[in-house]
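These are the residues of each chain, in order.
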Protein chains: 2
Amino acid sequence: MGATIKDIAKIAGVSKSTVSRVLSNNGKYSNQAKEKVLKVAKELNYQPNEIAKAMVTRKTGNIAFVIYHKIKPVITYPFFTPIISSLIETATNNNYGVFVFTERDINDPFKTIHEKRVDGVILASRINAEIVEAFKSQNIPVMLLNPFVEIENTSYVESDEYSGSMDAMQYLFQKGHRRIGFVQGFWKERYINDRYSAYKDALMQKGIEFDENLVIEVDEVSMETGRNAADAFMRLSELPSAIFAASDLLAIGMMKQFKKSGFSIPKDIAIVGFDDIEMASIYEPALTTVRVNKELMGELAVRQLILMMNMDEDQSQCKKQITLPTSLVVRDST
Amino acid sequence: MGATIKDIAKIAGVSKSTVSRVLSNNGKYSNQAKEKVLKVAKELNYQPNEIAKAMVTRKTGNIAFVIYHKIKPVITYPFFTPIISSLIETATNNNYGVFVFTERDINDPFKTIHEKRVDGVILASRINAEIVEAFKSQNIPVMLLNPFVEIENTSYVESDEYSGSMDAMQYLFQKGHRRIGFVQGFWKERYINDRYSAYKDALMQKGIEFDENLVIEVDEVSMETGRNAADAFMRLSELPSAIFAASDLLAIGMMKQFKKSGFSIPKDIAIVGFDDIEMASIYEPALTTVRVNKELMGELAVRQLILMMNMDEDQSQCKKQITLPTSLVVRDST
DNA sequence: TCGAAAAATGGGAACGTTCCCTATTTAACT
DNA sequence: AGTTAAATAGGGAACGTTCCCATTTTTCGA
């Protein structure tokens, strides 16, 4: 099979300690030894065995990304696709491997992850305190990504949903809209619900009375439920002049349904989404939406986790809670 | 830290051999020993160390997926997203972890993968004989997914692009089209180019003369190059009545550009795509396209690889070359 | 040229498993 | 009860590294 340090040592006529020192550039060795070892290593096409290394250093060089989410195949979910992509890219560039787990694929993510002996985990969405504690108690650094609930004393990266939603609402006001609807999924599961709060606060600040008939809750975020939401709005005696959908998938589903029912967007009804998924710019009319920097979220999550993994013990020292700014992208749906 | 077999052995009052036998259910042991061991293991919240296991069994339980492709962040590339998703799902369900590598992220995928000591690899797209041989010579089972070139004596899963393309052409003929354009990317890199062959063969069979003005090559597959292709068609003295785009991204880019230039689809020009990416059904008009079963491709690739990994030595015994059927999905663009 | 300090090297334990081989216990049959 | 076979248990090497510690070699100043 593959050559080992022992093979190199034998051929180069030095001890395996010396070979190890040369190859990992750790400790003292003579130039002569270095040359011999590197030459032989090259000849034998030596590839270090990360498994053996992991055995003694107790670092595998792998991390896990777990999405605790109801949605089906999560990698194809348009909000997560770019996050996972940038996450893997950043990790790979730093010599880390990434395991992606989704709640539904696995009976007990904790068990599986623990067996794989990852050096750290990134947990997304619908996490809770017990899950986080399970990892922390095993001394596995935890980084949260867009957590639905607040967990104290834990690093996270999220986006500023409140201010993004405020921007969306201000923009609609500026366009002259007063009667504005709101749609969102995952109602009860979110302890933090900045999008909804911002919607209500914006109305209040503008002195517009909150009308609960204009607020629709769907139990899943998809284009299908977006269509249903549009139907619900069309059943009202009077349609709102604009709708703020707290997710692009809902927004696009709604646009489809409104168009199908003969309404024109944005003439008859204006739609604003949230997330800025890829489809938002491709669909016609292109969707005005609040852009979340998904690529940066993935990247920062990995960077911060790497920081935490490298400072063994006392990770609390480098706790970091990042809230990324969002930006309103104005397109054709408003 | 975590409890080990040795800890269990000490507390249960048996040898670590016995503990190992009980936990891995391999070899003989008494009921009494079993009970004691399992009880202690539970008490200590024992989690097996897969790293140590990998060290001795020489199986890591991990596989690598490598896309040799020009395109940028490959996980977000709509053709690959569902493939990677189903690949990871299938692997996870079979207790395998998946590392995803893309050519551009990594200087030398072979080196990295080899260091990670995966049990097998799935290689996609623009592979070549040397790459495949590099893995095979290290006794790492190789499974190809949608390979651009033919590699002898190697298992693969692909889709029947020739017959899918034929179906598309037949359908256009049936709709009365005679003057049909063709667009594709990655021209020179494909040794196998069934889509283009089918286009030409279909014309010939129908007795329509091949007109190379109606064939456009783009050097990258994206909506942007699709737009360019549409522009190129519009510069012709006479527009074809239909265009077969060998990729949905190109098709959608073209539709966008045609619409922007005031043409109506399918009234002024009909468009057929290939792949059936998610956007194909969402964009309006919804795209008629040749559906490739991407989910099944990912699943079968993993299943076959697992088969190969489990039969140590003599993998040639279970070589399998799978060509999945495609199906024409008729929507609104034709 | 000698001695001490510095530099380089080597030996071997450790990481947590598995698995082979040997030793012990138990069972079974005369 | 005695012999043998079968069942169970234990000891220890091995997997390929790293890293500590002891030993050897080199360097350099007096």
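Residue numbers run consecutively from 1 along every chain, following the written order of its sequence. Whichever chain is written first is A, and whichever ligand is written first is 1; the rest continue in order. Side-chain atom pairs in this predicted model are given and counted only at pLDDT of 80 or more, local residue features only at pLDDT of at least 70, and totals for whole chains, interfaces and linings cover all residues. Each side-chain value is worked out from all heavy atoms of the structure, with water and hydrogens disregarded.

- Chain A goes by LacI family transcriptional regulator in an unreviewed UniProt entry, where it is assigned to Cytobacillus oceanisediminis.

**Overview of the overall build of chain A**
- A count of helices and strands for chain A gives 13 helices and 12 strands.
- Each radius of gyration is computed over the set of C-alpha atoms, and the globule rule expresses the reference value as 2.2 Å times the number of residues to the power 0.38. Taking 334 residues into account, the globule formula puts the C-alpha radius of gyration at 20 Å, and chain A, at 26 Å, lies well above it.
- Under the scheme applied here, a residue whose accessible area is under 20% of the maximum for its type counts as buried, over 50% as exposed, and between as partly exposed, the area being computed with a 1.4 Å probe on protein chains only. Out of the 334 residues in chain A, the part that is buried amounts to 55%.
- Sequence-distant contacts, at least 24 apart, represent 68% of the contacts inside chain A between residues at least 6 apart.
- When the accessible surface of chain A is totalled, it reaches about 14,900 Å², and 46% of it is carbon and sulfur.
- His residues and chain termini do not enter the charge count, which takes Lys and Arg as positive and Asp and Glu as negative. Positions of charges follow a simple convention, taking NZ of Lys, CZ of Arg, CG of Asp or CD of Glu. Within chain A, one finds 40 positive and 42 negative side-chain charges whose respective centroids are separated by 8 Å. In this description a helix means any DSSP run of H or I spanning at least four residues, a strand means any run of E spanning at least two, and both kinds are numbered starting from the N terminus. Residue contacts are counted whenever heavy atoms from the two residues lie within 4.5 Å of one another. Methods summary: accessible areas were calculated by the Shrake-Rupley approach with a probe of 1.4 Å, and residue burial reflects only the protein chains presented.

**Focus on the protein's contact with DNA strand C**
- If you check the shell around DNA strand C, you find 25 residues, and the closest are Ser15(A), Ser17(A), Ser30(A), Arg58(A) and Ser20(B).
- Under the rule applied, a polar contact is a pair of N or O atoms within 3.5 Å (in protein, one hydrogen donor and one hydrogen acceptor; residues adjacent in sequence only if both atoms are side-chain atoms). Here Arg21(A) contributes a side-chain N or O atom positioned 3.0 Å from a base nitrogen of DNA strand C.
- Between a phosphate oxygen of DNA strand C and a main-chain N or O atom of Ile5(B), the distance comes to 2.9 Å.
- Among the elements of the structure, helix 2 (16–24) and helix 4 (50–57) of chain A together with helix 2 (16–23) and helix 4 (50–57) of chain B are those that each provide at least two residues to the surface near DNA strand C.
- The residue classification treats Ala, Val, Leu, Ile, Met, Phe, Trp, Tyr, Cys and Pro as nonpolar and Asp, Glu, Lys and Arg as charged. All others, Gly included, are polar. Looking at the surface near DNA strand C residue by residue, the classes come out as 10 nonpolar, nine polar and six charged. Put simply, a residue is near a molecule or strand once any heavy atom of it comes within 4 Å of that molecule or strand.

**Observations concerning the UniProt feature "domain: HTH lacI-type" (unreviewed entry) in chain A**
- UniProt positions are given in the numbering used here, feature names are shortened, and annotations may be inferred rather than shown by experiment. In the numbering used here, UniProt assigns the "domain: HTH lacI-type" (unreviewed entry) feature to residues 3–57 of chain A.
- End C-alpha to end C-alpha, residues 3–57 of chain A measures 21 Å, and it is 69% helix and 0% strand.

**Examining the packing of helix 8 (residues 161–174) of chain B against helix 9 (residues 194–205) of chain B**
Residue and element names in this part refer to chain B.
- Comment: axis = line fitted to C-alpha atoms, over the contacting stretch for helices; angle = value between 0 and 180 degrees taken between N-to-C directions. Orientation of helix 8 relative to helix 9, taken along the N-to-C sense of each, is 40 degrees, at an axis distance of 8 Å. Between helix 8 and helix 9, the angle falls in the class oblique. Here the hand of the crossing between helix 8 and helix 9 comes out right-handed. Here Glu161, Tyr162, Ser165, Met166, Met169, Gln170 and Phe173 of helix 8 come into contact with helix 9, specifically with Asp194, Arg195, Ser197, Ala198, Tyr199, Asp201, Ala202, Leu203 and Gln205. These descriptions rest on fixed angle ranges, namely under 35 degrees for roughly parallel, over 145 for roughly antiparallel, 65 to 115 for roughly perpendicular, and the rest for oblique. Whether a crossing is left-handed or right-handed is set by the direction in which the near helix is turned from the far one by less than a right angle, anticlockwise for left-handed and clockwise for right-handed.

**Some remarks on the side chain of Asn193(A)**
All names here are of chain A.
- Locating Asn193 in the fold gives a position in the loop between strand 6 (180–185) and helix 9 (194–205).
- With relative accessibility at 13%, the residue Asn193 sits in the buried group.
- At 3.2 Å, the side chain of Asn193 and the side chain of Gln184 are in polar contact.
- Residue contacts for Asn193: discarding those within four places in its chain leaves Gln184 and Trp187.

**Examining the interface of chain B and chain A**
- With 52 residues of chain B at the interface, the matching set in chain A holds 52 residues.
- A 1.4 Å probe defines the accessible area here, and the buried area is the portion of it lost by two parts on being joined, summed over both. Between chain B and chain A, a total of about 4,500 Å² is buried, with carbon and sulfur atoms accounting for 59% of that surface.
- Of all residues in chain B, the largest losses of buried area upon contact with chain A belong to Gln47(B), Ile51(B) and Ile282(B), amounting jointly to 14% of the total for that side.
- The salt bridge criterion pairs a side-chain nitrogen of Lys or Arg with a carboxyl oxygen of Asp or Glu, the two atoms within 4 Å. Our count for the contact surface shared by chain B and chain A stands at four salt bridges.
- For Glu284(A), the salt bridge identified is with Lys256(B), shortest N-O distance 2.9 Å.
- Between the two partners, chain B and chain A, sit 18 residue pairs in polar contact (both at pLDDT 80 or more).
- Secondary structure elements with two or more residues in the side of chain B that touches chain A: helix 4, helix 5 (80–93), strand 2 (97–102), helix 6 (109–116), helix 11 (248–260) and helix 12 (278–282) of chain B.
- Broken down by element, the side of chain B that touches chain A gets its largest block of residues, seven residues, from helix 5 of chain B.
- In terms of residue class, the side of chain B that touches chain A is built from 22 nonpolar, 17 polar and 13 charged.

**Overview of the UniProt feature "domain: HTH cro/C1-type" (unreviewed entry) in chain A**
- As annotated in UniProt, the feature "domain: HTH cro/C1-type" (unreviewed entry) corresponds to residues 4–51 of chain A in the numbering used here.
- Helix makes up 67% of residues 4–51 of chain A and strand 0%. Its end C-alpha atoms lie 12 Å apart.

**Let's talk about the domain arrangement of chain A**
- Assigned domains within chain A: domain 1 (5–48), domain 2 (62–159 + 295–324) and domain 3 (161–291).
- Its C-alpha centre places domain 1 of chain A at a distance of 64 Å from the equivalent point of domain 3 of chain A. The split of the chain into domains comes from an automatic or database domain assignment.

**With respect to the nonpolar core**
- Only buried residues count toward a nonpolar core. Its members are Ala, Val, Leu, Ile, Met, Phe, Trp, Tyr and Cys residues joined through side-chain atoms within 4.5 Å. Counting 205 residues, the largest nonpolar core has Leu123(A) and Leu123(B) as its most contacted members.
- Not counting the four nearest positions on each side in its chain, Leu123(B) is found in contact with Val66(B), Tyr68(B), Ile131(B), Val132(B), Phe135(B), Val142(B), Met143(B), Leu144(B) and Leu145(B).

**Some thoughts on a nonpolar patch on the surface**
- To count toward a patch, a residue needs a relative accessible area over 30% and no salt bridge; like charges are then connected within 9 Å, while nonpolar side chains (Val, Leu, Ile, Met, Phe, Trp, Tyr) are connected within 5 Å. Taken together, the side chains of Met55(A), Val56(A), Met55(B) and Val56(B) define a hydrophobic patch exposed on the protein surface, amounting to about 370 Å² of accessible area.
- Inspection of the secondary structure assignment puts Val56(A) in helix 4.
- Of the residues examined, Val56(A) reaches a relative accessible area of 64% and is grouped as exposed.

**Here's the deal with the side chain of Thr288(A)**
Residues and elements named next belong to chain A.
- With respect to the element layout, Thr288 can be found in strand 10 (residues 288–291).
- A polar side-chain atom of Thr288 sits 2.8 Å from the main-chain amide nitrogen of Arg331.
- Side-chain polar atoms of Thr288 contact the side chain of Thr334, separated by 2.8 Å.
- In this structure, Thr288 is in contact with Tyr171, Ile271, Val272, Gly273, Leu328, Val329, Val330, Arg331, Asp332, Ser333 and Thr334, ignoring residues within four places of it in sequence.

**Remarks on the protein's contact with DNA strand D**
- Taken together, 25 residues form the shell around DNA strand D, and within it Ser20(A), Ser15(B), Ser17(B), Ser30(B) and Arg58(B) come nearest.
- In the environment of DNA strand D, a phosphate oxygen lies 2.5 Å from a nitrogen or oxygen atom belonging to the side chain of Ser20(A).
- Contacts to DNA strand D include Thr18(B), whose side-chain N or O atom sits 3.3 Å from a phosphate oxygen.
- Put simply, the parts of the chain that give the surface near DNA strand D at least two residues each are helix 2 and helix 4 of chain A together with helix 2 and helix 4 of chain B.
- Residue composition of the surface near DNA strand D, by class: 10 nonpolar, nine polar and six charged.

**Here's the deal with helix 10 (residues 223–234) of chain A**
All names here are of chain A.
- To estimate the expected span of a helix, count its residues, drop one, and scale the result by 1.5 Å. Over its 12 residues, helix 10 extends 16 Å from the first C-alpha to the last, a length consistent with the 16 Å expected when each residue adds 1.5 Å.
- What helix 10 keeps buried is the set Met223, Thr225, Gly226, Ala229, Ala230 and Phe233. All buried residues of helix 10 lie within an arc of 155 degrees about the axis, which places them on one face of the element. The directions considered for the arc are those from the helix axis to the C-beta atoms.

**Describing the packing of helix 4 of chain A against helix 4 of chain B**
- Where helix 4 of chain A meets helix 4 of chain B, the closest approach of the two axes is 9 Å, and the angle between their N-to-C directions is 135 degrees. As the angle between them shows, helix 4 of chain A and helix 4 of chain B are arranged oblique. The chirality of how helix 4 of chain A crosses helix 4 of chain B is left-handed. Contacts between helix 4 of chain A and helix 4 of chain B involve Ile51(A), Ala52(A), Ala54(A) and Met55(A) from the first element and Ile51(B), Ala52(B), Ala54(B) and Met55(B) from the second.
- Residues belonging to the contact of helix 4 of chain A with helix 4 of chain B are distributed by class as follows: eight nonpolar, no polar and no charged.

**Focus on helix 10 (residues 223–234) of chain B**
- Of the residues making up helix 10 of chain B, those classed as buried are Met223(B), Thr225(B), Gly226(B), Ala229(B), Ala230(B), Ala232(B) and Phe233(B).
- For helix 10 of chain B, the secondary structure elements touched by its buried residues are helix 12 (278–282) of chain A together with strand 6 (180–185), strand 7 (215–218), strand 8 (242–245) and helix 11 of chain B.

**A short note on the sheet that holds strand 9 (residues 270–275) of chain B**
Residues and elements named next belong to chain B.
- Two strands pair if DSSP finds at least two bridges between them. Overall, mixed pairing links the six strands, which are arranged 7-6-8-9-10-12 in an open sheet. Edge strands, defined here as strands with exactly one partner in the open sheet, are strand 7 and strand 12 (327–329). Taken over all neighbouring pairs, the strand axes of this sheet differ in orientation by 20 degrees on average, direction set aside.
- One ladder, built from four bridges, connects strand 6 with strand 7; its direction is parallel. Pairing of Val183 across the sheet is with Ile216, part of strand 7.

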